[in-house]
Each structure stands twice: as C-alpha cells, then as structure tokens.
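Coordinate analysis (summary)
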Amino acid sequence: MNVVRDLLQWTVILCLGYVVTVYGAYGSMIAYSMLEERLRRRRRAFESLDRIRASSLTIPVSIIAPVYNEAPIVAQSTRSFVEIDYPEYEVIVVNDGSTDETLAVLQREFDLEPIEHFYRRRYESGPIRGLYRSRTHPKLVVIDKVNGGKADSLNCGLNLARYRYICGVDGDTILSRSCLLNGMRLALADPQRIVGVTGHIAISGRPEEALADDGEPAKLDQRAFLAFQHSDYLRSFFNNRLGWTRLNTMLCAVGAFQIWRSDVIEEIGGFSTTFTCEDIELTFRVHEHFRREGREYEIVSLPDTVGVTEGPDTLKKLIAQRERWQRVILETVISYRRMVFRRRYGAVGFVGVPFFVLSEVIAPVFELLALLALAASVALQALDVEPALLTLAALALMNGLMTSAAVLLEDRTSRAYPLRDLVRLILLGPLDLVIYRPFIVWARLKGTWRYLRGDQGWHKFERNARPASA
C-alpha cells in the first residue's frame, strides 16, 4: 500500500510540474503576442487600405474553396467570397463529389454555365466532372470533381488558379469583406520575405448571421457552448499565433484562411493528401524547406478577424472535430520530429515544435495521469479536499487570465464586439476548466487513441440545423 501511495504522490508531483511548465510557456507566448500586437497596431497607423485598394501594383489573389456536403451554407459562404473588397481576385469553388444539394445550390444561386477551360496539370488530383462559370459573378468558377478530400480539392483548384498568391478557405467560412486587404497588406510590404499569412477566425453556430452590414464580424453567438469555443479560438490565435509570428515559428496557417505565394506551394509540391488535414502539415513543410535551405522567409498571423466559421453546436460534433485536430497534430509533429533541437531549424526547432510537443502532443498523457491519480486518491481515501480545491481554483484562475488576455488583445485590434459580450467571455473564462475543458480532454484522448490505431478518417459531422426559411 505504501508503494501505491508513493507512486500516487510522485504522479501528482509530475502532473503539477507539467502544469507549471505549460502555464509558464503560455505566459511567455502571451508576452510575445502582446509585443507583436503592439507592433502591428503601430504600423497600422501608417498603412492605408485605400492605397492598396487603388494601386495598380496590388498583387491579384486566387481564392480556392473546397466544399463537400455544404448545401446549408454554401450559398452564403460563396457570396461572401465574391463580395470581398479587393482590386483583383478570382474565386474557385471546388465541389469535392458532394452527395447532397451543394452543386445544385451553387447552380441556382450563381447561375452557372458550363465552360471549356485549358490548364496546366501541375498537381495530381481527382478527375474533374465539370467546369462552370457564374453568369452573375464573373470572378466565380466552380469545379465539380470526384471526391478525393480537401487537400486533393485544393490541388485541383491550384491547377486552375491564375494568380501569384492563393488563399485557401473552408466552405463553411464567411469571409469579411476586408480579409484580403488586411492579409495582403503584410505580403505586399515584403513579398520576397513573407511567404504565408493567416488570420483570426471567429466562430458561430450560424456564421452567416455573424457579420454586420459592412461585412465585418460584429456579432457573437450568445449560446454558452459556442462562447466557450469562441474563447478557445481567441486563446489559440491571440495568445499563441501572434507570439509565434513574433518568433517566426508560426506553425499552423489555418485551413479556414491561409494565404501562400503560389511559387512556394509549387516548390514544395502542393498540398499533401497523405495527412488527415492539410493546413498544419503544409506550414511545417514550408518551415522545414526554407530552414533546411537557409533562406530568409516569414509566415505571419494577422491580429485581424478575417472571417467567421461554423462551430459545432453539439458535444458529439465538437468531440468529432477536436479528436481529428489531435490526430493531425500527432501525425505532423511526429512526421517532422527531425526538426526538434536541430540548429539548422533555428527557433522552429528550439521553440516552435517543442511548444507543440509540450502543449499538444504529450498533453493527453498528463491529462489521463491526472484523472487516474484523482480516481486513485478517492479510492484510497487519500484525497486532501482543501488543497485539491485550492489547486482547482488556481487552475481555473489561470485559464480565466489567459482568456482575459486574449479578449483584451482582440478588442485592442478590432473593437468589433459590444462591451457586454466581452465581459461575458471574461466571466466564462474561469468556468472553462470545469465545464468545457473535460470534453476537450476526452476528445484529445480519443484522437490520440485513433492515431495510434492508424485512423485517418475525416469523420465529418453534419452542418448545424438552420430554420426552414434560411
């Protein structure tokens, strides 16, 4: 029995040591994020979006949007793509063999007509069944292809893309009208060095309702379940990605909004179809490629909100989404483990990838250990209630502080949301640990188990229900 108690004690000490290390890493990253946000805000005062909008030197962009069974939202998302405020761009929607009414909705809403189009097949992708152009929106081309997955659809769109920069987006994302102006202002400032740009994506159960009349995000989903997810996104983008940008270790240009120089994508061979998700793997591959060759480059994250994506509105959908994210993180980090602590890879190898390992890869191990230790303590009647509650309160406070930091950074950037909504997010912050986080822990454990079993399925969940009139 003494051996069991000693083992339990050392497990608790190990878990507490991990927690202190993780929160220390997060705290350091928040400090870097604040520095980056301050720098971006100061530079913004000297930048003019009107100049970008009016300049004949502004570089055109090809937007590529893979869609699969997106009938409930594809009309609204595609309309947001074709109504972006930017001098010159094209929109390529790739219908990846949808089995619902996705293609029919596009045909009806955008008056599509069949076209013949010759292109250079630079990337392997599934067979194309039809090509269409909109009679009402000449910028819009729709590809109907055999199902092959998101990466395959992006590669198919790349084959038809005409412009120097490509912007990959998700079919369930409603883009803000200023997203390309904000994203490309960084690339245009240093097109030789900046090879990739991403931005903050807000979350809503119905993203088509989250934009104001000016086409900018201004409405938060009032459901607590979605509010917890929104806070999670804020912490990821503003507490982490801005700090990664400052250190040039930005390791995930999110699939909902990722801008890349097309020559860089061609140089590294396009999007990989061998990983569960394409975005994080591509970002790792770009880092690995440029670091290995010793070339200067930057991948940056905007502090601006560039769109709103659909968040799962049930626990089942949330767990399906987050376990897939865990699997792709494990796939990618383990595939690129050679980068860790190698001088050739600089800050990416000494800071970026180790941060991922610490906060994502091994997190489920310690979360499981903590749960087992708690259960064993109760079974052995060894749980000291008062210290346990104090520890729980301290962790909840730390989560609340991280949420508050993210809300502050987002508000300093955009001033988009009413004060009452921001206060609500801050008040919900400490509750995240006991209400929302347990389900994320379960999803990460499930994702880790599925990764170990070799599962690479997408496990796509159904879109959230809309009113009959929508």
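A brief structural summary. Bear in mind that the values here come from a model prediction, so they are computed numbers and not experimental data. (Residues numbered from 1 in each chain as written. Predicted model: local features only at pLDDT ≥ 70, side-chain atom pairs only at ≥ 80, totals over all residues. Heavy atoms only, no water.)

A look at the overall build of the chain
Our working definition: Comment: elements are numbered from the N terminus, with helices defined as DSSP H or I runs of at least four residues and strands as E runs of at least two. Atoms considered for the radius of gyration are the C-alpha atoms alone. The globule rule reads 2.2 Å times the number of residues to the power 0.38. Working definition: with a 1.4 Å probe on protein chains only, accessible area under 20% of the residue-type maximum means buried, over 50% means exposed, and in between means partly exposed. What makes two residues a contact is simply this: any of their non-hydrogen atoms within 4.5 Å. Charge counting follows a simple rule: Lys and Arg are positive, Asp and Glu are negative, and His as well as the terminal groups are ignored. Where a charge lies is defined by one atom per residue type, namely NZ (Lys), CZ (Arg), CG (Asp) and CD (Glu).
Secondary structure assignment for the chain yields 15 helices and 10 strands. Scaling as 2.2 N^0.38, a compact globule of 470 residues should have a C-alpha radius of gyration of about 23 Å, and the chain matches this with 23 Å. In terms of overall dimensions, the chain has a C-alpha envelope of 80 × 50 × 45 Å along the principal axes. Across the 470 residues in the chain, those meeting the buried criterion constitute 56%. Counting contacts in the chain only where the partners sit at least 6 residues apart, residues at least 24 apart contribute 82% of the total. Seen as two clouds, the 58 positive and the 55 negative side-chain charges of the chain have centres 4 Å apart.

Examining the side chain of T332
Stated formally: Identification of polar contacts relies on pairs of N or O atoms within 3.5 Å, with a donor-acceptor requirement for protein atoms, meaning one able to donate a hydrogen and the other able to accept it, and with residues adjacent in sequence counted only if both atoms are side-chain atoms.
Assignment of secondary structure puts T332 in helix α10 (residues 315–335). Of the polar contacts made by the side chain of T332, one reaches the backbone oxygen of V328; its length is 2.8 Å. Here T332 is in contact with F275, I280, E281 and F284, once residues within four sequence places are set aside.

Quick look at the nonpolar core
Where we set the bar: Residues grouped as a nonpolar core are buried Ala, Val, Leu, Ile, Met, Phe, Trp, Tyr and Cys residues, joined through side-chain atoms within 4.5 Å.
Among the nonpolar cores identified, the biggest contains 126 residues, and Y86, L180, F257 and V286 are the most heavily contacted of them. The contacts of Y86, once residues within four sequence positions are left out, are I52, T58, I59, P60, V61, L180, L181, M184 and L188.

A word on the pattern of salt bridges
For clarity, the threshold we go by: The working definition used for a salt bridge is a side-chain nitrogen of Lys or Arg within 4 Å of a carboxyl oxygen of Asp or Glu.
A full pass over the atoms with the stated rule returns 40 salt bridges. With a shortest N-O distance of 3.5 Å, E113 and R135 are connected by a salt bridge. Of this pair, E113 sits in strand β3 (residues 112–114) while R135 sits in the loop between β4 (128–134) and β5 (140–145); the two residues are 22 residues apart in sequence, bridging distant segments of the chain. The class for E113 is partly exposed, based on a relative accessible area of 28%. A salt bridge links R444 to E367; its shortest N-O distance comes to 2.4 Å. Note that R444 is positioned in helix α15 (residues 432–452) and E367 in helix α12 (residues 363–379), a separation of 77 residues in sequence. Neither residue differs from the other here; R444 and E367 are each classed as buried. Here the salt bridges share partners, and the residues they tie into one network are D232, R235, R322, D432 and R437.

Remarks on the packing of aromatic side chains
To keep things clear, this is the line we draw: Pairing of aromatic rings covers Phe, Tyr and Trp, the last through its six-membered ring, and needs centres within 6.5 Å; plane angles under 30 degrees mean stacked, over 60 mean edge-to-face, and all others mean tilted.
Scanning all chains against the criterion turns up 11 aromatic pairs. Between F228 and Y436, the ring centres sit 5.8 Å apart and the planes meet at 10°, which makes this aromatic pair stacked. Taken together, the residues F228 in helix α7 (residues 224–247) and Y436 in helix α15 connect sequence positions 208 residues apart. The same class applies to F228 as to Y436, namely buried. Look at F284 and F356: their rings are 5.8 Å apart centre to centre, the planes differ by 85°, and that puts the pair in the edge-to-face class.

Describing unusual backbone geometry
In the Ramachandran plot, N69 falls in the positive-phi region, its phi being about 50° despite a non-glycine side chain. Within the secondary structure layout, N69 lies in the loop between β1 (61–67) and α3 (74–82). According to the relative accessible area criterion, N69 is buried, its value standing at 19%. Even without being a glycine, D111 presents a positive backbone phi close to 50°. Looking at where D111 falls in the secondary structure, it is placed in the loop between α4 (102–110) and β3.

Describing the pairing of strand β8 (residues 194–204)
Every regular strand shows the same layout, with side chains that alternate between the two sheet faces. Rules: Strands are labelled as partners when DSSP assigns at least two bridges between them.
Counting buried positions over the 11 residues of β8 gives 11, a clear majority of the element. Where β8 lies against strand β10 (residues 298–310), 9 bridges are found, and the strand directions are parallel. Residue G196 lies in a different strand from β10, and its bridge partner there is I299. Two strands pair when backbone bridges link them, and β8 and strand β9 (residues 257–261) are joined in this way by 3 bridges, in the antiparallel orientation.

Focus on helix α11 (residues 346–361)
Where α11 is concerned, the buried positions are G346, V348, G349, G352, V353, P354, F355, F356, L358, S359 and V361. Against α1 (2–44), α7, α9 (279–293), α10, α12 and α15 lie the buried residues of α11.

As for α4
Let me state the cut-off plainly: Here, the arc refers to the directions that run from the helix axis to the C-beta atoms.
The set of residues buried in α4 consists of T102, L103, V105, L106 and F110. On an axial view of α4, the arc spanned by its buried residues comes to 160°, and they lie on one face. Check the buried side of α4 and you find it contacts β1, α3, β2 (89–96), β3, β4 and β5. Immediately downstream of α4, the backbone of D111 shows phi near 50°, a positive value.

Comments concerning the pairing of β4
With 3 bridges joining them, β3 and β4 adopt antiparallel strand pairing. Of the residues in β4, the one forming a bridge with P114 is Y132. Direction of pairing for β4 relative to β5: antiparallel, over a ladder of 5 bridges. From the neighbouring strand, G130 faces β5, where its bridge partner is D144. Where β4 folds back on β5, the antiparallel hairpin that results is connected by 5 residues.

Looking at the side chain of Q258
Locating Q258 in the fold gives a position in strand β9. Here E278 takes part through its side chain, which lies 3.2 Å from a polar atom of the side chain of Q258.

Any functional reading would require information that these geometric values do not contain.
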